[in-house]
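The chain contents come next:
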Amino acid sequence: MICPATYKRPGKIPLRFWAGFPIVKGRQIFIKPNLVMPPTKYESASCTRIEVVRLVIEKCLNEGAKPGDIIVGDCGFKDQWELTMECSGYRSLETDYGVKVICVQEGENYHKYTLHRIPGYMSLFGIKISDFVLNADVVIDVPKMKIHNTAGITGAIKNMMGVISPKGSMHPNGSAVILHKRLRDLYTLMRSRVGFIVVDAIEGSEYAECGGIPVVSNVLVSGTDMWEVDCILAQLMGINPVEIQYLEYIRTKDKGAIPFPKIPVVNKPAIITYERR
């Protein structure tokens, strides 16, 4: 589902935007934004804005979730977590809602990972997943819509790299070939764990996922399948999904070679072509 939105009024969205939203009452919830680096004024389009995370938290609370059952977490940029909290304002989520905001790879959390094998893998036979994700009943993926130098795009699937360890094992030696295969493998491992996706596509980033140029699209995107959402994000940025190899791998290996999903005409916003390096 695609709907118009701005950071000033992200809550003015239709009920159908939340179609497929999981039951959260009485359940442990993990919300995964993209906090790849401290969002300074020079990195305004790199991270999921707090307004979108607030929207998701308020939806959970309105559906009966308890504040103490909600964790917002990411791995962040190495040794930059506190600066990320300061620049993003995410600490205010704890005082305003009573939820917990954590870095899954700092302090004692660094050791709270469990190895999982991936049946039918292409390249990634197994990976360690944060126990905070494994212990959650509901995982809500809240990525940022961006171009990525190696993956082509950053969306719902790649955002889940922030809860695995070591994150760099996804692209050894910066290999794009390996990364696309491992993103497909990551999808097969995470698809049953991620219950809902809300994408901050209000302001995206072209050229790169970090240090890119902000592009205003003024939409939010939701869904229940990370692959479908990423296919829509690619099209919103003017990219044919067939050009993104990991999306094609998933389509042929996990989706029965069905056609790529297209943006519904009724919801179709203006397509803004994001430049790639």
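Residue indices begin from 1 for each chain and proceed along its sequence in written order. Residue-level local features of this predicted model are given only where pLDDT is at least 70; pairs of side-chain atoms are given and counted only at 80 or more, and the full residue set underlies all totals for whole chains, interfaces and linings. For side-chain calculations, the full set of non-hydrogen atoms in the structure is used, while hydrogens and water are omitted.

**Student:** What should I look at first to understand helix α1 (residues 50–62) in this one?
**Tutor:** Comment: elements are numbered from the N terminus, with helices defined as DSSP H or I runs of at least four residues and strands as E runs of at least two. What a helix is expected to span follows from its residue count: subtract one and scale by 1.5 Å. Between its terminal C-alpha atoms α1 stretches 18 Å, which fits the 18 Å expected from 13 residues at 1.5 Å a residue. Along α1, the residues that are buried comprise Ile-50, Val-52, Val-53, Leu-55, Val-56, Ile-57, Lys-59 and Cys-60. Within two residues after α1, Gly-64 carries a phi angle of roughly 105°, on the positive side. Burial classes follow relative accessibility: with a 1.4 Å probe on protein chains only, a residue under 20% of its type's maximum area counts as buried, one over 50% as exposed, and anything between as partly exposed.

**Student:** It is not clear to me how the sheet that holds strand β5 (residues 113–117) should be interpreted in this structure. Could you clarify?
**Tutor:** By way of backbone hydrogen bonds, the strands of a sheet pair with one another, either parallel or antiparallel. Taken together, the three strands give an open sheet; going across it, the order is β5-β6-β10, and neighbouring strands pair in antiparallel fashion. This sheet does not close on itself; its edge strands, each paired only once, are β5 and β10 (164–165). As paired elements, strand β6 (residues 126–130) and β10 share two bridges and run antiparallel to each other. Residue pairing for β10: Lys-128 is matched across the bridge by Ser-165. In this analysis, two residues are considered to be in contact whenever any of their non-hydrogen atoms come within 4.5 Å of each other. A fitted line through C-alpha atoms serves as each axis, taken over the contacting stretch for helices, and the angle formed by two N-to-C directions is quoted from 0 to 180°. On top of the sheet, helix α6 (residues 176–190) reaches β5, β6 and β10; it is set at about 55° to β6, its chief contact. Two strands qualify as a pair provided DSSP detects at least 2 bridges between them.

**Student:** Got a minute to help me understand the side chain of Lys-32 in this structure?
**Tutor:** Its location among the elements puts Lys-32 in strand β2 (residues 29–33). For Lys-32, a relative accessible area of 1% puts it in the buried group. A distance of 3.0 Å separates a polar atom in the side chain of Lys-32 from a polar atom in the side chain of Asp-74. Residues within four places of Lys-32 in sequence aside, it is in contact with Gly-73, Asp-74, Ile-140, Asp-141, Val-142, Pro-143, Asn-159, Met-160, Gly-162 and Val-163. Pairs of N or O atoms are called polar contacts if they sit within 3.5 Å, as long as, within protein, a hydrogen donor faces a hydrogen acceptor (for residues adjacent in sequence, only side-chain-to-side-chain pairs).

**Student:** Explain the nonpolar core to me, please; I cannot follow it from the model alone.
**Tutor:** Taken as a class, soluble globular proteins show a tendency for nonpolar side chains to be buried jointly. Note on terminology: a nonpolar core comprises buried Ala, Val, Leu, Ile, Met, Phe, Trp, Tyr and Cys residues joined through side-chain atoms within 4.5 Å. Phe-30, Met-190, Val-221, Met-226, Leu-236 and Tyr-246 are the most contacted members of the largest nonpolar core, which has 54 residues in total. Setting aside anything within four residues of it in sequence, one finds Tyr-246 in contact with Ala-151, Ile-153, Ile-157, His-180, Leu-183, Arg-184 and Asp-230. With 39 residues, the next largest nonpolar core counts Cys-3, Val-24, Val-72 and Leu-93 among its residues.

**Student:** What is the right way to look at the layout of surface pockets in this model?
**Tutor:** Over the atoms rolls a probe the size of a water molecule, and in doing so it shows where empty space is left. Only protein atoms enter the 1 Å grid, on which a cavity is a set of points fitting a 1.4 Å probe that cannot get out and a pocket is an open set with protein on both sides within 12 Å along at least 5 of 7 lines, lining residues being those with an atom within 4 Å of a point. Grid points are joined across faces, edges and corners, and a volume is the space filled by probe spheres set on the points. Space inside the largest pocket adds up to approximately 300 Å³. Lining the largest pocket, in full, are Val-36, Cys-75, Gly-76, Phe-77, Lys-78, Asp-79, Gln-105, Glu-106, Tyr-110, Ser-165, Pro-166 and Lys-167. Its residues assigned to classes, the lining of the largest pocket shows five nonpolar, three polar and four charged. Every residue lining the second largest pocket is counted, 13 residues in all, and those nearest its centre are Met-1, Ser-222, Glu-228, Val-229 and Ile-232. When residues are sorted by character, Ala, Val, Leu, Ile, Met, Phe, Trp, Tyr, Cys and Pro go into the nonpolar class, Asp, Glu, Lys and Arg into the charged class, and all the rest, Gly among them, into the polar class.

**Student:** So what exactly am I meant to see when it comes to empty space enclosed by the protein here?
**Tutor:** Applying the stated criterion across every chain yields a total of two cavities of 30 Å³ or more. Approximately 100 Å³ is the volume attributed to the largest cavity. Forming the walls of the largest cavity are 13 residues, and the residues nearest its centre are Asn-34, Val-36, Lys-158, Asn-159 and Lys-167. Of the residues contributing to the lining of the largest cavity, the split by class is four nonpolar, four polar and five charged.

**Student:** I tried to follow the pairing of β6 on my own but got confused; where do I start?
**Tutor:** Side-chain positions along a regular strand alternate between the two faces of the sheet. Of all five residues making up β6, four are buried, and the element is well covered by its neighbours. Pairing of β5 with β6 involves five bridges; the strand directions are antiparallel. Its bridge partner lying in β6, Arg-117 is registered against Gly-126.

**Student:** Where do I start with the environment of Ser-92 in this structure?
**Tutor:** Relative to the helices and strands, Ser-92 is located in helix α3 (residues 92–97). Its relative accessible area of 23% is what places Ser-92 among the partly exposed residues. Note: C-alpha distance between Ser-92 and Val-177 (85 residues apart in sequence) is 40 Å. Apart from residues lying up to four places away in sequence, Ser-92 is in contact with Ile-50 and Arg-54.

**Student:** It is not clear to me how helix α7 (residues 226–236) should be interpreted in this structure. Could you clarify?
**Tutor:** Spacing of three or four residues puts side chains on the same side of an α-helix, whose turn is 3.6 residues. The buried fraction of α7 amounts to ten of the eleven residues, a majority that puts the element mostly inside the structure. Buried residues of α7: Met-226, Trp-227, Val-229, Asp-230, Cys-231, Ile-232, Leu-233, Ala-234, Gln-235 and Leu-236, and no others. Of the residues that open α7, the one with a side-chain oxygen 2.9 Å from the backbone nitrogen of Trp-227 is Asp-225. Of the residues flanking the end of α7, it is Gly-238, one or two places downstream, whose phi is positive at about 80°.

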